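Read off the chains here:
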Amino acid sequence: MQGLVDLGNAYLSFLNPMTLAYGLGGAFVGIVMGILPGLSATLAIALLTTLTIKLQANDAILVLICSYVGALYGGSRTAILLNIPGTAANAASCADGYALAKRGEAGRAIGIATSGAFVSTLFGVLCLAAFTPLLAEVALSFGAFEFFWLALFGVVISGSIVGDDPLKGWLMGMLGLFVAQVGQEGLYAYDRFTLGWDELSGGIALIPALVGAFGLAEVLTTLADPIERKIVELRDSVLPRFREIVQYWRTVLRSGVIGVFTGLLPGVGEDAGAWMSYAAAKAVSKEKEQFGKGSIDGLMAAETGDMSSIPGHIIPCLALGIPGSAPSAVLMAAMIIHGIQPGPMLMIQHPHFVYEVVAMTTLASITILLFGLFGVRPLLHVLRVPRAVLMPIVFLLCVVGAFATASRLFDVYAMLAVGVGAFFLRRHGYEMAPFVLGLVLGPLLDKSLRRGLVLSDGSLVPFVTRPICVAFGLVTLFTILLYVPSFKALVQRARGAAGSGLRALFARRG
Amino acid sequence: MPPLEHAPPTARSEFFGACAWLALGVAIVIGSWTMDRLEQQNINPYTAPGLLPGLLGLAMIVLGGALAHRSWRRGALREAAPPLTLDRRDERRRIWVVMALCVGYGAVLIGHGLPFWLASTIYVTASILIVRRLSRDPEQRRLSAKAAVQAIVIGVAASLITQWVFQDLFLVRLP
């Protein structure tokens, strides 16, 4: 009952013009960054974090959540009109969206994306409101041993799912974990790997590193080969289509659930939610051949899957202090900057904050509906700006963004170094998301390991005998072993045998 | 999946990358092993600062070794380096130029006395003009007076608007 009262209060507190203006502004910036291919939600949130540093915590986080939702929504536009995903999460919408666009139904596809995004974000918000307090309750019983496995699990699964090369993903994860160890460590304030530089004592800050990896690396990649693409003409109406939502309600619900659950997994980005929803929709669809050629079902699945994973990513952020994806990692950093410590203690120290986040995310979904109704055609003009003009301006914002958090020039240099490194790594097939996870989870892993060893007096037994540890440890081990071909073949044979066994069982019954 | 804009990495480049990871892993392990164990402070030996970095270094060695082994099996040392086509040479030149521009702005122009808006104007204008000059399209390469004026206007506008929004509107400190 108290929860509902808090939720009501939270909604009421956001119903004033200034707050709505902030929300619309955040969504606007997010949509623009999402429309521009290459600029990701992570960069949008990182830059807006520095812009909103002096605002009140609630207003700042509102702007960031609206930009998060806006960026993924904006990315679907480019996926449909240019066959290039605006953000990686929109890749699943490319095939069907673009096929629809070429048939002259670009507006219909965009309308479906709008209504699907609105409905699935709201569904995700419901899950956020319901699950976060529950997960936080469970997390209160987590100790150093559990957090060690959770942090390791996050990095391992991120490395294995993102991109198509788990080995490279894990290497990036290890690199991220290592870079997080540079600087003064948390227990004895001892300088690690600072090579005598005082400035490195503070370590490499998260926001400059992210701005470098997602901003400068993108600027370098784009300017290395600035190709301008032709966009499909937008002829039909772009109004949101709610009839398709009702028609395909099963897909919407299924993708919503899949999106939220993939969101809960640390390190797994929004694109996993989109692809898994797409795959699930294709598996049960009666028109499988249409998928990839302009299937409404497929587009709906991809869009609802990736939008509902946004609240899904915020849940572990708030309840465990472990980000579900790179953009939510920046969101978490922003919360910490504004004095809110995410994690199991959040429900005790700032109990209203979770409900405020629920209200903010609801507001975010309303803003994208508004932009979907009124702002489609004007915003698309952004795509006409040549990349050669846009990228220097983006880098300008990156420098400001890197500097503004702590007003240190060293952060700008760190941003440059990480950005150049990230650029070369990306050209060789290394993904950035595991690096980000490693950077965020590094301190947690370090403290948990050392505290755990102190508590157990050097014994590794609690790490492998406590029940939750065993669960996380087994899943982590399983994920790593899946990479070994002989183990993978074993698993596939076992799955095949189990599948045929189940089928035989049901066949006999029927 | 969206079209690949850049050729996938060759087994050869992967092999050299793997060697770099191995070297980094070894350096990290050495650094962690030689790190001060803080015995004078009488700390619990299991909380030595070098513990996790050492484990990470070992993991990096294992993964780097696996990557080296995999790329060696894929024929890394057998294939020759791919020929340097004109396209690739152009691309490389563009990369170095753009990188010089960005690093020049971030490390040299910013924070050394020049007002922020002036440094940013110089960077944006120079970047637009230089990237145009390096463009494949001959139309773009012709730097008319109109193009130069356009670039300067965009540079000034971008710098001033950014400064106004961040510093005056949102009270954020600029370099």
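1. Some remarks on the overall build of chain B
- Along the backbone of chain B there are six helices and zero strands.
- Sequence-ordered secondary structure for chain B, helices as α and strands as β, is α-α-α-α-α-α.
- Here the C-alpha atoms of chain B give a radius of gyration of 25 Å, more than 25% beyond the 16 Å that 2.2 N^0.38 yields for 175 residues.
- Referenced to the eigenvectors of the C-alpha coordinate spread, the extents of chain B come out at roughly 65 × 50 × 30 Å.
- Burial status across chain B gives 28% buried among its 175 residues.
- The contacts in chain B between residues at least 6 apart in sequence include a share of 69% that link residues at least 24 apart.

2. Points about the overall build of chain A
- A count of helices and strands for chain A gives 22 helices and two strands.
- Against the globule reference of 24 Å for 510 residues, chain A gives a C-alpha radius of gyration of 22 Å, in line with a compact fold.
- Taken along its principal axes, the extent of the C-alpha atoms in chain A is 70 × 65 × 55 Å.
- When the 510 residues of chain A are sorted by exposure, 59% land in the buried category.
- Expressed as a percentage of contacts within chain A between residues at least 6 apart in sequence, the contacts between residues at least 24 apart total 78%.

3. Points about helix α2 (residues 51-73) of chain B
- For α2(B), which comprises 23 residues, the first-to-last C-alpha distance of 33 Å matches the rise-based estimate of 33 Å (1.5 Å per residue) to within 8%.
- Within α2(B), burial applies to B:L52, B:P53, B:L56, B:G57, B:M60, B:L63, B:G64, B:L67, B:A68 and B:S71.
- Lining the buried residues of α2(B) we find α7 (166-181), β2 (191-192) and α19 (433-455) of chain A together with α1 (11-33) of chain B.
- Following α2(B) by one or two positions, B:G75 has its phi on the positive side, about 90 degrees.

4. Here we look at the domain arrangement of chain B
- Looking at the assigned domains, one finds that chain B contains domain 1 (11-73) and domain 2 (86-169).
- The C-alpha-based centres of domain 1 of chain B and domain 2 of chain B are spaced at 40 Å.

5. A look at the environment of A:P240
Residue and element names in this part refer to chain A.
- Secondary-structure assignment places P240 in the loop between α8 (206-224) and α9 (242-247).
- Linking P240 and A109, residues 131 residues apart in sequence, is a C-alpha distance of 9.1 Å.
- With sequence-adjacent residues up to four places away left out, P240 is seen in contact with G111, T114, S115, F118, L369, G372 and L373.

6. Some thoughts on the interface of chain B and chain A
- Tallying the contact residues gives 59 residues for chain B and 57 residues for chain A.
- Of all the secondary-structure elements, those providing two or more residues to the side of chain B that touches chain A are α1, α2, α3 (86-109), α4 (116-133) and α6 (145-169) of chain B.
- For the side of chain B that touches chain A, the residue count by class is 40 nonpolar, 13 polar and six charged.

7. Examining the nonpolar core
- With 212 residues, the main nonpolar core has A:A44, A:L64, A:V69, A:A151, A:L210, A:V399 and A:V436 as its most contacted residues.
- When residues of this core are sorted by domain, at least three fall in each of domain 1 (11-73) and domain 2 (86-169) of chain B.
- Once you skip the residues sitting within four places of it in the chain, A:V69 turns out to touch A:A27, A:G30, A:T121, A:I310, A:A364, A:S365 and A:I368.

8. Observations concerning α3(B)
- Along its 24 residues, α3(B) runs 33 Å from first to last C-alpha, staying within 8% of the 34 Å computed at 1.5 Å per residue.
- For α3(B), the complete set of buried residues consists of B:R94, B:V98, B:L101, B:C102, B:Y105, B:G106 and B:L109.
- For α3(B), the elements touching its buried residues are α8, α17 (387-404) and α18 (409-427) of chain A together with α4 of chain B.

9. A short note on the confidence of the model for chain B
- The predicted model of chain B has a mean per-residue pLDDT of 84, with 95% of residues at 70 or higher.
- Ignoring residues within four places in sequence, the model shows residues 1-5 of chain B, a span with pLDDT below 50, making seven contacts including any to other chains.

10. Regarding unusual backbone geometry
Residues and elements named next belong to chain A.
- Here the phi dihedral of S407 falls at roughly 55 degrees; this positive angle occurs in a residue that is not glycine.
- Position of S407 among the secondary structure elements: in the loop between α17 and α18.
- Even without being a glycine, D457 presents a positive backbone phi close to 55 degrees.
- Tracing the backbone shows D457 in the loop between α19 and α20 (461-465).

11. A short note on the environment of A:Y68
All names here are of chain A.
- Structurally, Y68 is set in helix α4 (residues 57-82).
- By the C-beta count within 10 Å, which is 32 here, Y68 ends up buried.
- Separated by 24 residues in the primary sequence, Y68 and A44 place their C-alpha atoms 7.5 Å from one another.
- Beyond its immediate chain neighbours, meaning those up to four positions away, Y68 contacts G30, A41, I45, I310, P327 and L331.

12. What about the environment of A:F153?
Residue and element names in this part refer to chain A.
- Mapped onto the elements of the fold, F153 is located in helix α6 (residues 144-161).
- Overall, the presence of 22 C-beta atoms within 10 Å leaves F153 in the buried class.
- Note: C-alpha distance between F153 and I480 (327 residues apart in sequence) is 9.9 Å.

13. A short note on the packing of helix α3 (residues 41-51) of chain A against helix α13 (residues 326-337) of chain A
All names here are of chain A.
- Relative to each other, α3 and α13 sit at 15 degrees, their axes nearing to 8 Å. Relative to α13, α3 is oriented roughly parallel. Crossing angle aside, the handedness with which α3 passes α13 is left-handed. Here α3 contributes A41, T42, I45, A46 and T49 to the contact with α13, which in turn contributes A326, P327, V330, L331, A334 and I337.
- Among the residues forming the contact of α3 with α13, the class breakdown is nine nonpolar, two polar and no charged.

14. Digging into the packing of helix α11 (residues 270-284) of chain A against helix α12 (residues 296-320) of chain A
Residue and element names in this part refer to chain A.
- Relative to each other, α11 and α12 sit at 145 degrees, their axes nearing to 7 Å. Of the two possible hands of crossing, α11 and α12 adopt the one that is right-handed. Packed against α11, whose contacting residues are E270, D271, G273, A274, M276, S277, Y278, A281 and K282, the element α12 presents D297, G298, A301, A302, T304, G305, D306, S308, S309, I310 and G312 at the interface.
- Here the residues of the contact of α11 with α12 sort into seven nonpolar, eight polar and five charged.

Rules used throughout
- Residues numbered from 1 in each chain as written.
- Chains lettered and ligands numbered in written order.
- Predicted model: local features only at pLDDT ≥ 70, side-chain atom pairs only at ≥ 80, totals over all residues.
- Helix = DSSP H or I, 4+ residues; strand = E, 2+ residues; numbered from the N terminus.
- Rg over C-alpha atoms; globule rule 2.2 N^0.38 Å.
- Buried ≥ 20, exposed ≤ 12 C-beta atoms within 10 Å, placed from the backbone.
- Contact = placed C-beta atoms within 7 Å.
- Expected span 1.5 Å × (residues − 1).
- Domains from an automatic or database assignment.
- Nonpolar A, V, L, I, M, F, W, Y, C, P; charged D, E, K, R; others polar.
- Core = buried A, V, L, I, M, F, W, Y, C linked by C-beta atoms within 7 Å.
- pLDDT = per-residue confidence, 0-100.
- Axes fitted to C-alpha atoms, helices over the stretch in contact; angles between N-to-C directions.
- Parallel < 35°, antiparallel > 145°, perpendicular 65-115°, else oblique.
- Left-handed = near helix turned anticlockwise from the far one by under 90°.

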